[in-house]
Every structure is written in structure tokens, then in C-alpha cells.
Amino acid sequence: MAGGEGSTGPGSEAMDMTPQDRPSATGFSLDPETFKKIHPMEYHRRFLSQGVRADGRVLTKFRKAKISLGSISTANGSAMVRLGDTTVICGVKAEVTEPKPAAPKSGFIVPNLDLPPLCSPNYRAGPPPELAQTVSEYIDQVIKSCDLVDPETLCIEPGHAVWVLYVDVICLNHGGNVMDAALIALVAALKHTLLPKATFYESESTVRVTEERTVPLMVKQTLIPVTFGVFDGTITLADPTSDEEPHLSTQLTLILDGIGGNDAYGMLKPGGTVINRSALLDMWELAKIRAINVSEALEEAFNAANAI
Amino acid sequence: MSRVEIITPEGLRVDGRRPLELRRVLTRTGVLSQADGSAYIEQGNTKCLAAVYGPREPVKRAGVLHDRANINVEYNVASFSSGERKQKLRRDRRLLEISSMIKQTFETVIITTTFPRSEIDIYLQILQIDGGAVHAAINVATLALIDAGIPMTDYVCACSAGFVNDQPLLDLNYLEESADVPTLTVALLPKSGKITMLGLESRLHVDKLEPVITLAADGCMQMKDTLDEAIRTSTRKLAKTVLN
């Protein structure tokens, strides 16, 4: 980010300076925006040394999750989630398919996260960025291993027809911590999904589905992801923004249930610097509170959606 | 669906509109914080989001034009946006065709010579389709470009029109588009009234072409008023925050 802005570098300072950031008699000064681009680490460090972050939050404060359900009427279920500037939209599309011979009763859930170039100036047109692929893969593993939806409830006729749910998450604005927003949206959209009634006709071996969608999907858990960033190897930042993310020494995602229980459904720390165990336990306590807050926001969103 | 049902004997369409009526249009500008300019539009149940980045430095050398800015358009359709889920192909030709059409439409109005060796990216994301995705995309791209402060000679306003039972129809929805109604998409520059883009992909009698184009052009002029109002509202708001 900073490297691309060559014209604001120290060398060209004399050429494009506005009167207010011309060196004063006492010394050289820069306006905050320029300083942020030239010395991003130092910019954040100065905020953090005061116990506050560039966006005004204290270190362990999360951004409020704003959830709205059912905004896409063509999808079987949909949810839009905002964490500060981060905006993702998730749509579930159900289709009938044949099960695998090894598991004749099991349907499928196919999650995918899309980070189109629309969502951030750092992505350009072309193959999906690495983050999109790794997060998609991780989400897929988590929802399979923790049995988010029992695949057998997606069965229409054993050995002949099952539902496949394509769960597509599109990031519209990348303001940091896409993982949390994507998984919250995925869970919310699945919980809001209605399937049509499907009947299998043996004689023609076809499936007919009703026009109306009436059958709610059985979602067993409410998975709540909670992501922390670690700055300079020691400072824990809850819910990092896109300004902070490139400068973090490591990130850690915990996946909890929404009732503040003691079960972890997933944990991911993709390398980076080491963190000590006491820091991990502190994160764990913060994550429990966060998980309850998010599941309350989910609850509210469902009440609001049902009221309409 | 048979043609008879497109307009009821009372002269109403499937969604309750009269033949010459536009759908409800809802617009918003400046919706995304990351983009230099952004806008959102709902035309009936068709929903489209646009983000504009630039003018900025091109990443690829091949994208550099020495006398003007290069315009990139990417038109994307969410897999859950339509009734049937479409398997997304890496390089879907239909999407590429629409992208290139939109790109050429905007090349004529954006004053590209002001920004040589740079790049302007227009990203369009369709979230829900109920007919007229292309013209919604063009309208929202206009809004996003203005929101990004990119100099243009004029708005680009788009609208579609069709013809059924001796009756021209304005702004077709999905049911009408898929019921074999010939659909003509028009984009024009409202100041001069000149047409920049014209798309027809089914049979239409040449005698009917004139009334259909006239109707679509009329729809475009109505869109212009809507877009203009949206821009004026957001600019007023911006002016207020700047002055305070």
C-alpha cells in the first residue's frame, strides 16, 4: 500500500507540499494521512502506545455486528453482515443433485467466499486472491467437522436425490476481518434458509419441488468466529481493520458456539510470530463475551425479519 | 407463458404496471468506504452495486495508454442473484461481452485524455436479477463515476423497451424478458439525446423499431431525472458537511 504511493515519499516532498505541512521553524512535520502512508507501523504504534487504535476503539473492543436477513429474494436464504466498514453478503441457493454412492443419504453444503476487486483497492481482476481461497477452504472444513447442518436432513430420496446448498459469500467492502463477517453471514443465511417441499417420483425418477419455500433448514449450532490480531508480537487487537491487517505479526481466529460455552469448534493461527499461552487464555475470555454479543445480534436480526 | 398474459385485458402488466411505466428506482451513492466512488441501485427487484477505483496507476504495463486513461470494466453476477443458479465459469463469455459493451459505452463520455498513463476501474456486482440487469448496471456505473469525481461530458442513462400485442412496453422485468418479448436496451447521452449503445437480441419488425426506440429513449430521459436528483441530493449533503 505504502509503496505504491511514491509521490508522497520523502524525496518528492518539496514538490507537492501544501503550505500547512511545509517544515516549520521547529522541525519537520507531516499531516497524519501522509505519515500513515510513509510509516504505517509507526503510525499505529503511536496510537497503540496511548491505549487506543487508529479508528478510535480501545485495543480489545470489537466492532458491532450489524446483521440483516432476507434482502435477496431470489436466494433461498440470505444475510448481509457489517462489521464497521466490512460488508459481506451471503446467499444460499438450493439445488437437487444425486448423492455419492458411498453416502446415499447425505446432501452437500458448498461454501465459497468471493473477494471481488470491487471490495478493495488491493485486489485486481484475475484469479481469486489467496485469502478468498484459504478462508473458503477453512470454512468448509469447520462446517463439516462441527456438523453445522446434518447432511442427512438434506436427503430427498436415499440413493437418488439430495439437496446441495451453494452458500456464496461475496465481500462488498473489505474493511478488515473478512473471516468473521463471512462466517457470521454464512451461519445467519443458513438459519434463514427455506427449502421448497420436494417429492421424488420413482416411476419417472424425477424430483418435483413446490413453488413456495416452506421447509426451514435445521441448523444445529450457531458458530461465532472471533478474530484477534497481534501487533509487534505482544499487543492484542480485537477485530482488526484493513488498515491494521497488513502490519500484524500474526492473527488468531477462535470459533465458538453462541451460548458462551466452553467448546471451541475451531482455532486458526496461520503461522506468524509466537504468542504465549496466557495471551491465548485472555483472548479466549474476550471471545466468549464477543460470541454472546454476536449471537444476540443474530437473535435481534431474526426477530426483526420475522416481524415483517 | 403465452403472450396473452403479458398484458391483461385491463391493460396491466404482470407486476401491476401500465405498459409505459418505469419500475420504482432507488439509488444511493457513496455506499462503500474502500472505493473511490460507489453507488447502489434498485430498479424494481434488480439490484446492482458499482465501485469505481481510479484514476490510479495501472498494475500491468500492457494497460498503459500514453495519451489517455485506460478503462476497465468488470461485470459480475452473483450466483444467487437469479432464479436458477448458474455455474460460474472462469471466463464467462456473456459476462465478458456485457463488460466490453459497458466499457465502450463509457469510453465515449469519460474525459480520458485528462489522465494519461492511468487506469479507471469500474466494478459492477449484480446482487439480484429481475430483468434489465444491463441497463441497471449502466445507470449505477454513471452514479459511481460521478461519485468518484471522474470528469464526464454527460450522464449515460439506459433503459429497455419491448413490444408485445401491438403495444410497446417500457422497462421489462424478468417474466416479460423470458416470455419471448423482443427486448431492446438503449443507452443514451441525455444532453444531446444521442444513442451510444443499442442492444436487441430477438426478432422485432422494422416498422416497430421506431416506436420502441422512442419509448426506450423516453425511459432514459426519465432515468436521467432520477439519477440527477440522486447526485444533487448527495452533493448537497457533501456540501453541508464540507461547509460545517
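Residues numbered from 1 in each chain as written. Chains lettered and ligands numbered in written order. Predicted model: local features only at pLDDT ≥ 70, side-chain atom pairs only at ≥ 80, totals over all residues. Heavy atoms only, no water.

Draft legend 1. Representation of the overall build of chain A. The secondary structure content of chain A amounts to five helices and 12 strands. For chain A, the C-alpha atoms occupy an extent of roughly 90 × 40 × 40 Å along the three principal directions. Counting only contacts in chain A whose residues sit at least 6 apart along the sequence, the fraction spanning at least 24 positions is 66%. Of the roughly 14,900 Å² of accessible surface on chain A, 54% is carried by carbon and sulfur atoms. (Helix = DSSP H or I, 4+ residues; strand = E, 2+ residues; numbered from the N terminus. Contact = heavy atoms within 4.5 Å. Areas by Shrake-Rupley, 256 points an atom, 1.4 Å probe, with all protein chains shown as cover.)

Draft legend 2. Just the packing of aromatic side chains, in detail. In total, this model carries four aromatic pairs over all chains according to the counting rule given. Here Tyr43(A) and Phe47(A) contribute two aromatic rings whose centre-to-centre distance is 5.2 Å and whose plane-to-plane angle is 75°, an arrangement assigned as edge-to-face. Of the two residues, Tyr43(A) and Phe47(A) both sit in helix α2 (residues 40-49), four residues apart, roughly one turn of that helix. In this structure Tyr43(A) comes out as buried when scored by relative accessible area, which is 11%. Among the residues examined, Phe47(A) registers a relative accessible area of 27% and is labelled partly exposed. Between Phe62(A) and Phe228(A) the ring centres are 5.7 Å apart and the planes differ by 70°, which places this aromatic pair in the edge-to-face class. Pair noted here: Phe62(A) is in the loop between α2 and β1 (65-69) and Phe228(A) is in strand β9 (residues 223-231), with a separation of 166 residues, a long-range link. Both residues of the pair, Phe62(A) and Phe228(A), count as buried. The ring centre of Tyr201(A) lies 4.6 Å from the NZ or CZ of Arg208(A), which sits over that ring. Above the face of the Tyr155(B) ring, Lys224(B) is positioned so that its terminal group lies 5.3 Å from the ring centre. (Phe/Tyr/Trp six-rings, centres within 6.5 Å; stacked < 30°, edge-to-face > 60°. Buried < 20%, exposed > 50% of the residue type's maximum accessible area, 1.4 Å probe, protein only. Lys NZ or Arg CZ within 6 Å of the ring centre and 35° of its normal.)

Draft legend 3. Quick peek at the environment of Ser203(A). Looking at the secondary structure, you find Ser203(A) in the loop between β7 (194-201) and β8 (206-216). For the pair Ser203(A) and Thr236(A), spaced 33 residues apart in sequence, the C-alpha to C-alpha distance is 62 Å.

Draft legend 4. Structural context of unusual backbone geometry. With an omega of 0°, the peptide bond between Gly54(B) and Pro55(B) qualifies as cis. Relative to the helices and strands, Pro55(B) is located in strand β3 (residues 46-56). One non-glycine residue with positive phi stands out, namely Asp239(A), at about 50°. With respect to the helices, strands and loops of the structure, Asp239(A) is situated in the loop between β10 (235-238) and β11 (250-257). On the accessibility criterion, Asp239(A) (0% relative accessible area) is buried.

Draft legend 5. Structural view of the UniProt feature "domain: Exoribonuclease phosphorolytic" (unreviewed entry) in chain A. Feature annotation in UniProt places "domain: Exoribonuclease phosphorolytic" (unreviewed entry) on residues 62-196 and 224-288 of chain A, given in this structure's numbering. The span residues 62-196 of chain A shows a helical share of 22% and a strand share of 37%, and its end C-alpha atoms are spaced 38 Å apart. (UniProt positions renumbered as here; feature names shortened; annotations may be inferred.)

Draft legend 6. Representation of the interface of chain A and chain B in the model. On the side of chain B, 31 residues touch chain A, which itself brings 33 residues to the contact. When chain A packs against chain B, the two sides together hide about 2,500 Å² of surface, and 53% of this comes from carbon and sulfur. Contact with chain B buries area across many residues of chain A, yet Lys93(A), Leu118(A) and Arg124(A) alone supply 26% of it, more than any other trio. Linking chain A with chain B are one salt bridge. In this structure, Glu119(B) and Arg124(A) form a salt bridge, with 2.6 Å as the shortest nitrogen-oxygen distance. Remark: the boundary between chain A and chain B carries 15 residue pairs in polar contact (both at pLDDT 80 or more). Elements with a contribution of two residues or more to the side of chain A that touches chain B: β3 (86-97) and β6 (161-173) of chain A. Grouping the constituent residues of the side of chain A that touches chain B by class yields 16 nonpolar, 11 polar and six charged. (Buried area = accessible area lost by both parts, 1.4 Å probe. Salt bridge = Lys/Arg side-chain N within 4 Å of Asp/Glu carboxyl O. Polar contact = N/O pair within 3.5 Å; in protein donor to acceptor, adjacent residues only side chain to side chain. Nonpolar A, V, L, I, M, F, W, Y, C, P; charged D, E, K, R; others polar.)

Draft legend 7. Here's a closer look at the UniProt feature "domain: Exoribonuclease phosphorolytic" (unreviewed entry) in chain B. Under the UniProt annotation, "domain: Exoribonuclease phosphorolytic" (unreviewed entry) lies at residues 21-151 and 154-218 of chain B. Strand forms 40% of residues 154-218 of chain B and helix 28%; the C-alpha atoms that close the span are 17 Å apart.

Draft legend 8. Expanded view of the pattern of salt bridges. Summed over the entire model, instances satisfying the criterion amount to 26 salt bridges over all chains. Residue Asp232(A) is joined to Arg45(A) by a salt bridge in which the shortest nitrogen-to-oxygen separation is 2.8 Å. Of this pair, Asp232(A) sits in the loop between β9 and β10 while Arg45(A) sits in helix α2, and the two are 187 residues apart along the sequence. Under the relative-accessibility criterion, Arg45(A) is labelled partly exposed at 31%. Here Glu42(B) makes a salt bridge to Arg24(B), at a shortest N to O gap of 3.4 Å. You can see Glu42(B) sitting in strand β2 (residues 37-43) and its partner Arg24(B) sitting in the segment before β1 (25-29), a full 18 residues away along the chain.

Draft legend 9. The arrangement of a positive patch on the surface in detail. A cluster of basic residues, Lys64(A), Lys66(A), Arg82(A), Arg28(B) and Lys237(B), forms a positive patch on the protein surface. As for its placement among the helices and strands, Lys66(A) is situated in strand β1. Look at Lys66(A) and you get exposed, because its relative accessible area is 52%. (Patch = residues over 30% accessible without salt bridge, like charges linked within 9 Å, V, L, I, M, F, W, Y side chains within 5 Å. Lys, Arg positive; Asp, Glu negative; His and termini not counted. Charge placed at Lys NZ, Arg CZ, Asp CG, Glu CD.)

Draft legend 10. Summary view of the nonpolar core. In terms of nonpolar packing, the biggest core is built from 68 residues, with Ile67(A), Leu148(A), Leu165(A), Leu186(A) and Leu190(A) touching the most fellow members. Residues within four places of Ile67(A) in sequence aside, it is in contact with Met80(A), Val81(A), Ile184(A), Ala188(A), Val294(A), Ala297(A), Leu298(A) and Ala301(A). Counting 59 residues, the second-largest nonpolar core is a separate cluster that includes Leu22(B), Ala148(B), Cys157(B) and Leu215(B). (Core = buried A, V, L, I, M, F, W, Y, C linked by side-chain atoms within 4.5 Å.)

Draft legend 11. Looking closely at the sheet that holds strand β7 (residues 167-170) of chain B. All names here are of chain B. Strand order in the open sheet made by the four strands is β7-β6-β8-β9, with antiparallel pairing throughout. Each end of this open sheet is capped by a strand with a single partner; those strands are β7 and β9 (194-200). In this sheet, neighbouring strand axes are inclined to one another by 25° on average, regardless of whether the strands run parallel or antiparallel. Sheet topology note: the strand β6 (residues 157-164)/strand β8 (residues 183-189) ladder contains six bridges and is antiparallel. By the bridge assignment, Cys-157 is partnered in β8 with Leu-188. Contacts from helix α2 (residues 133-147) reach β6, β8 and β9, with the element oriented near 160° to β6. Contacts from helix α4 (residues 206-243) reach β6, β7, β8 and β9 within the one sheet, and its direction differs from that of β6 by about 145°. (Pairing = 2+ DSSP bridges. Axes fitted to C-alpha atoms, helices over the stretch in contact; angles between N-to-C directions.)

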